[in-house]
Every structure is written in structure tokens, then in C-alpha cells.
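Listed here are the chains, written in short residue letters.
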Amino acid sequence: MIREFFTGVRILGRGFGMWRTHPRLLALGLIPAVIAFVVLVAALVPLGLSLGALTDGMTPFADGWVSPWRELLRVGVGIVIFIAALALAGAVFTALTLTIGDPFYQRIWQGVERSLGGPEPTGTTGFWTIFGEGIRMVVLGILIALLTLAVGFIPLVGGVLATITSVLLSGRLLARELTARAFDARGFTTYSRSELLGAGRARVIGFGVATQLCFLVPLGAIVAMPAAVAGSTILARGLSDRAAGAPAMSASATPGMSPPPPPAPPAHA
């Protein structure tokens, strides 16, 4: 399980490697990522600035507490609220970016498929399907944010548990959404996609957690989004091939390199 988790992390690394081998292709994904990032910053900055008043209003019972306990409580509540907001922001960013930038990301995953060799899937995802997936992701993001908020109020360990819960659940959600186009192109239904993702759960979580952590770095989401789309294509390809019984690609394989030919059969006398 640990090995599979880090395989997922390395797959995202391969996605970032596409910036070196296919910079123009991945640069297409910067445009919608910048637009979505600006929208989210416009929402998160006012939240951050109003956290003091918000936490004061949520903890009136602490008004009579002596310092520093009152301040520690309110700082902790503010941190939990912001962690929950970041969990929701990751879901909204991904949904918004993939919806408005679908033509760009279609070209990215198709280019990655060609670089991996083998038959190229030709299916496409319609706009309303993309829109519906985006709404579903935002709704699930809200639920994750609420769960993160609830966990955060557990005494003593709430902040740590909230962070872990946020990163794990948000990462799993990101991986599912990012692989959707590559799976749709292969004709997988929602149920069969869930089966494939479940069979490779540790790998999927490793990829999703690494992506979510990159999204938390200032401006990291803009650069990471095209790489995550490329990496998710590699992830979907590997899970599909494994389910079909095909030889799995190494996580360290170089895109564009064909797999070695099978050994020749022994000569007969």
C-alpha cells in the first residue's frame, strides 16, 4: 500500500516532467487556471481579513476568559475555518478550471496519450457532462469542508485531524475528477470508473494528496493544474491497463518512449 501511494506521487512528478518535454502543450492549461485562481483569491482574501470578527462572533462564551486562553481558542477556530475553506477552494478551483478550460485540457490529455504510445482513445466528454461533474465536485467539496470543520473542533487534536482529513478527502476527490476525461474517452461508465479507482485506491490517494498539497502552495495551483491533468491521464492509463491485464507501465517510465519489445521465442533445432 505504501509503495502504491508513492507510485501515485511519482505519477504527478511525471506530469510535471511534461513541462520539460511538452512545454507548449501544458502552457495551454495556464489560461483557465489563472482565471479560476483569480476568482478564488477574490473570495479567500476577504474571508482571511474577516476571520477575527468571524471567530469573535462564533465564540461569545470566551469573552470573559483570561488571556491567553481566549486568543488561543479564537486563533484555533480561525485556523480550522481557513483549512475548511481551503478544502472547498481546491474542489471549486478544479471544477471551475476544468469546466471553462475543457478545450485546452482535452488537447493536453490527448497529447499525453499519444506520447505514451499504443491505441489512442477517441471518446469525448460533452459539455453538460462536464458541467454536471463540476457541480457534483463542488457539492462534495462543501461536504468535505463541513466535515473538516466538525473534526477541527475536537479538543487538543482537532487542528491536526482537520488538516489530515482535508488533504486526504480533497485529494481523493481531485484524483477522481481529474481522471474523468481519460476514463470517459475509453468508454467507462461512472460505476466502472469507481471500480478502477477503488482497485488502485492507494495509488489514487497518493496522486490526489500530492496534487492537493501543490494546490496549497501560493500560485502552485496555476502551474500544477496542467501537470495534474497530464499526470491523471497517466494514472488512468495505468489503472485501465492493469484492469485489462496489460503489462503496467513503470511510474518512472519516460513519456514518448515505447516499451521494450518482448523477448524473442527460443529457436528450435
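In the block above lies the structure referred to throughout.
First, a word on what this report is: a plain description of the structure on this page. Just so you know, the residues in each chain are numbered from 1, in the order the chain's sequence is written. Side-chain atom pairs in this predicted model are given and counted only at pLDDT of 80 or more, local residue features only at pLDDT of at least 70, and totals for whole chains, interfaces and linings cover all residues. The basis for the side-chain values is all heavy atoms of the structure; hydrogens and waters are excluded.

**Remarks on the pattern of salt bridges**
In plain terms, the rule: In the sections that follow, a salt bridge refers to a side-chain nitrogen of Lys or Arg positioned within 4 Å of a carboxyl oxygen of Asp or Glu. Numbering of helices and strands runs from the N terminus, with a helix taken as a DSSP run of H or I at least four residues long and a strand as a DSSP run of E at least two residues long.
Under the criterion given, the structure shown has 12 salt bridges. Note that E113 and R186 form a salt bridge whose closest N and O atoms lie 2.8 Å from each other. One end of the pair, E113, is in helix α6 (residues 102-116); the other, R186, is in the loop between α9 (180-185) and α10 (190-199), with 73 residues separating them in the sequence. Salt bridges sharing partners connect three or more residues here, namely E113, R186, R237 and D241.

**Looking at the packing of helix α5 (residues 69-100) against helix α11 (residues 201-216)**
Think of two packed helices as two axes; the pair is described by the angle between the axes and how far apart they sit. Using the following cut-off: Lines fitted to C-alpha atoms define the axes here, with helix axes fitted over just the stretch in contact, and angles between the N-to-C directions of these axes take values from 0 to 180 degrees. Our angle categories are set so that under 35 degrees counts as roughly parallel, over 145 as roughly antiparallel, 65 to 115 as roughly perpendicular, and the remainder as oblique. Should any heavy atoms of two residues lie within 4.5 Å, those residues are counted as being in contact. Side-chain classes follow a simple rule in which Ala, Val, Leu, Ile, Met, Phe, Trp, Tyr, Cys and Pro form the nonpolar group, Asp, Glu, Lys and Arg form the charged group, and the remainder, Gly included, forms the polar group.
At a minimum axis separation of 11 Å, α5 and α11 run at an interaxial angle of 100°. Viewed along their axes, α5 and α11 adopt a mutual orientation that is roughly perpendicular. Facing L86, A87, G90, F93 and T94 of α5, the residues of α11 in contact are Q212, F215 and L216. Residue composition of the contact of α5 with α11, grouped by class: 5 nonpolar, 3 polar and no charged.

**Quick look at the nonpolar core**
Quick note on the threshold: Buried Ala, Val, Leu, Ile, Met, Phe, Trp, Tyr and Cys residues form a nonpolar core when they are joined through side-chain atoms within 4.5 Å. Only protein chains enter the accessibility calculation, which uses a 1.4 Å probe; a residue is then buried when its area is under 20% of its type maximum, exposed when over 50%, and partly exposed in between.
The biggest cluster of nonpolar side chains holds 47 residues, and the ones touching the most others in it are F93, I108 and M225. Sort the elements by how many residues they give to this core and helix α12 (residues 220-244) lands first, with 12 residues.

**Here's the deal with empty space enclosed by the protein**
To be explicit about the condition: A 1.4 Å probe that fits into a set of points on a 1 Å grid over the protein atoms alone but cannot get out defines a cavity; an open set with protein on both sides within 12 Å along at least five of seven lines defines a pocket, and lining residues are those with an atom within 4 Å of a point. Grid points are joined across faces, edges and corners, and a volume is the space filled by probe spheres set on the points.
Scanning the model with the defined rule gives 1 cavity of 30 Å³ or more in all. Lining the largest cavity we find L98, Y105, W109, L178, R181, A182, V229, S232 and T233. Contributing elements (two or more residues each) for the lining of the largest cavity: α6, α9 and α12. At 3 residues, α12 tops the list of elements feeding residues into the lining of the largest cavity. Residue composition of the lining of the largest cavity, by class: 6 nonpolar, 2 polar and 1 charged.

**Quick look at the side chain of E177**
Summarising the element assignment, E177 is placed in helix α8 (residues 158-178). The exposure class assigned to E177 is buried, which follows from its relative accessible area of 3%. Setting aside its immediate chain neighbours within four residues, E177 contacts T94, L98, E133, G134 and M137.

**Overview of the side chain of T211**
For T211, the position within the fold is in helix α11. Exposure remark for T211: the relative accessible area of 1% places this residue in the buried category. In this structure T211 touches L12, L174, L178 and A228, once residues within four positions along its chain are discounted.

**A closer look at unusual backbone geometry**
The amide bond that connects S67 to the next residue, P68, takes the cis arrangement and shows omega of 10°. Its place among the elements puts P68 in the loop between α4 (51-58) and α5. Within the chain, L219 stands out as a residue other than glycine whose phi angle is a positive 65°. With respect to the helices and strands, L219 occurs in the loop between α11 and α12. For L219, a relative accessible area of 52% corresponds to the exposed category.

**Structural notes on helix α1 (residues 2-21)**
Stated formally: Helix span, as expected, comes to 1.5 Å for every residue beyond the first. Arc definition: it is the arc formed by the directions from the helix axis to the C-beta atoms.
With 20 residues, α1 ought to run about 28 Å at 1.5 Å a step, and its terminal C-alpha atoms sit 29 Å apart, in line with that. All of the buried residues along α1 are T7, G8, I11, L12, R14, G15 and M18. Taken down its axis, α1 places every buried residue within 145° of arc, on the same side. Of the exposed residues in α1, those oriented more than 90 degrees away from the buried face are I2, R3 and R20. In this fold, the buried residues of α1 make contact with α2 (23-27), α6, α11 and α12.

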